[in-house]
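Analysis of the macromolecular model
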Amino acid sequence: MADHVLQVIRERGPVRSADFVRSDGRQGSWWDWKAEKLALETLFWRGDLMIARRERFQRVYDLRERVMPHWEDQHAPPYDEVLSMQVLRAVRALGFAPASWIADYFRTARRPSIAAAFALAAAGRLVTIAVEGFDEPVFMHPAMQPLAEQAAAGALPANRTVLLTPFDPLVWDRRRAQALFDFDYRIECYTPASRRRYGYFVLPILHHDRLVGRLDAKAHRKEGVFEVKALYFEPEVEVSDELVAGLGATLHACAAWHATPEVVVRFAEPAGAAGLIMAASNKTPTSGV
């Protein structure tokens, strides 16, 4: 099958998985891939193919030599150098990180990533710090020290309200989101509908320095409607005027970006919040978000 797929690409040019008709009579799902899709992904991971571009949601595969004609494998830096770079970037992006959090950022191997972090700290390229509530060593990139000092002094006030994607690093590592924000989050689009708790594509809500809730939204572009199917605030969150205004302005901006200017909130928890958020969302904000 891999040989067949490679031959098709050599002769016809870049392909999508959808260019191969499923022949086993089964209905495809997220991970129930047809044989050609498995071959494409295997060849991609092996390096024979690369992703030339995307067409909407679909990858377009092409031969490596056509996507990067000047590449030679000997140009690749040593593995240890790449791992060190990824660990440094991960720690910098995370702000601070116990060793157990680092590997998840770039999905690197856990044990080598931990070993690399300790080696980088010994070499002075990472700083080891003590963080209240953490018994294990915590790493920080030296470039983040001035920001950490400002944060400790209360000189970095958080004043934005934003919707996060399920793939934002703030919530992607569920253990980290739980430890930092006491926020239990998982993406449910891969979960059967009958087992979903919050919705198909739920977006966490970051208000200032807290994850205060989540909402399931859908943009109906033909109708010009941005539908919030359900909105859930965390049980201990007070739905204050400030929170309503911040989230309203954020939804207004998000809906405008989708060219769906009317915001409709179908359900909210606690009860009564839906009308407040909908009214604030359909009002032109007076300040930026």
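Residues numbered from 1 in each chain as written. Predicted model: local features only at pLDDT ≥ 70, side-chain atom pairs only at ≥ 80, totals over all residues. Heavy atoms only, no water.

Points about the overall build of the chain
When its secondary structure is counted, the chain shows 11 helices and 11 strands. Based on the C-alpha atoms only, the size of the chain along its principal axes is roughly 60 × 55 × 35 Å. Among the 289 residues that make up the chain, the fraction classed as buried is 39%. For the chain, contacts bridging at least 24 residues in sequence account for 53% of all contacts bridging at least 6. Summed over its atoms, the accessible surface of the chain is roughly 17,500 Å², and 53% of this surface lies on carbon and sulfur atoms. For the chain, the centre of its 36 positive side-chain charges and the centre of its 36 negative side-chain charges are spaced 5 Å apart. (Helix = DSSP H or I, 4+ residues; strand = E, 2+ residues; numbered from the N terminus. Buried < 20%, exposed > 50% of the residue type's maximum accessible area, 1.4 Å probe, protein only. Contact = heavy atoms within 4.5 Å. Areas by Shrake-Rupley, 256 points an atom, 1.4 Å probe, with all protein chains shown as cover. Lys, Arg positive; Asp, Glu negative; His and termini not counted. Charge placed at Lys NZ, Arg CZ, Asp CG, Glu CD.)

Here's the deal with the pairing of strand β2 (residues 58-63)
Relative to β2, strand β1 (residues 49-55) is paired through six bridges, and the arrangement is antiparallel. Bridge pairing links Arg54 to Arg59 in β2. Connecting the antiparallel pair β1 and β2 is a turn made up of two residues, with Arg56 showing a positive phi of about 55°. (Pairing = 2+ DSSP bridges.)

Description of the pairing of strand β10 (residues 262-265)
The sheet contact formed by strand β9 (residues 225-233) and β10 spans four bridges and is parallel. Within the sheet, the bridge partner assigned to Glu227 lies in β10 and is Val264. You can see the chain leave β9, run along helix α10 (residues 241-257) and come back into β10, and the turn it takes is right-handed. (Right-handed = clockwise from strand over helix to strand, strands pointing away.)

Structural notes on helix α6 (residues 110-122)
Under the 1.5 Å per step criterion, the end-to-end length of α6 is 19 Å for 13 residues, consistent within 8% with the ideal 18 Å. The set of residues buried in α6 consists of Ser113, Ala116, Ala117, Leu120 and Ala121. On an axial view of α6, the arc spanned by its buried residues comes to 135°, and they lie on one face. For α6, the exposed residues lying more than 90 degrees away from the buried face are Arg111 and Ala122. Close packing links the buried residues of α6 with α4 (79-94), α5 (99-106), β4 (127-129) and β5 (138-140). (Expected span 1.5 Å × (residues − 1). Arc of directions from axis to C-beta.)

Concerning a nonpolar patch on the surface
Residues Phe167, Trp172, Tyr190, Tyr200 and Phe201 make up a contiguous nonpolar surface patch of roughly 480 Å² in combined accessible area. You can see Tyr190 is positioned in the loop between α9 (174-181) and β7 (202-207). Assessed through its relative accessible area of 37%, Tyr190 is described here as partly exposed. (Patch = residues over 30% accessible without salt bridge, like charges linked within 9 Å, V, L, I, M, F, W, Y side chains within 5 Å. Salt bridge = Lys/Arg side-chain N within 4 Å of Asp/Glu carboxyl O.)

Observations regarding the packing of aromatic side chains
In total, this model carries 11 aromatic pairs according to the counting rule given. Each ring, one from Phe118 and one from Phe139, has its centre 5.1 Å from the other, and the planes form 90°; the classification is edge-to-face. Of this pair, Phe118 sits in helix α6 while Phe139 sits in strand β5, and the two are 21 residues apart along the sequence. Among the aromatic residues, those joined into a ring-pair cluster are Phe96, Trp101 and Phe134. (Phe/Tyr/Trp six-rings, centres within 6.5 Å; stacked < 30°, edge-to-face > 60°.)

Remarks on the environment of Pro98
Along the chain, Pro98 falls in strand β3 (residues 97-98). With a relative accessible area of 0%, Pro98 lands in the buried category. Apart from the residues lying within four places of it in its own chain, the contact partners of Pro98 are Phe134, Glu136, Pro137 and Val138.

A closer look at the pattern of salt bridges
As enumerated under the stated definition, the model contains 14 salt bridges in all. A salt bridge links Asp62 to Arg66; its shortest N-O distance comes to 2.8 Å. Note on Asp62: relative accessible area 7%, which makes it buried. Looking at Arg66, the relative accessible area reads 38%, which means it is partly exposed. Residues joined by salt bridges that share partners form a network here, namely Arg16, Asp19, Arg53 and Glu55.

Let's talk about the nonpolar core
Core analysis: the largest hydrophobic core is formed by 24 residues, its most contacted members being Leu215, Phe233 and Leu247. Listed by contribution, the elements that provide at least two residues to this core are β7, β8 (210-220), β9, α10, β10 and α11 (273-281). Considering every element that reaches this core, the biggest residue donor is α10, with five residues. Once you skip the residues sitting within four places of it in the chain, Leu247 turns out to touch Thr161, Leu163, Ile205, Leu215, Leu231, Phe233 and Ile277. Counting residues in each nonpolar core, the second largest holds 16 residues, with Leu83, Ala97, Leu120 and Leu126 among its members. (Core = buried A, V, L, I, M, F, W, Y, C linked by side-chain atoms within 4.5 Å.)

Things to note about unusual backbone geometry
Note that the residue after Glu269, namely Pro270, is joined by a cis bond; omega there is 15°. With respect to the helices and strands, the residue Pro270 is situated in the loop between β11 (268-269) and α11. A positive phi angle, close to 55°, is found at Arg107, a residue other than glycine. Position of Arg107 relative to the elements: it lies in the loop between α5 and α6. Judged by relative accessible area, which is 56%, Arg107 ranks as exposed. One non-glycine residue, Asp182, adopts positive backbone phi at about 50°. Relative to the elements of secondary structure, Asp182 occurs in the loop between α9 and β7.

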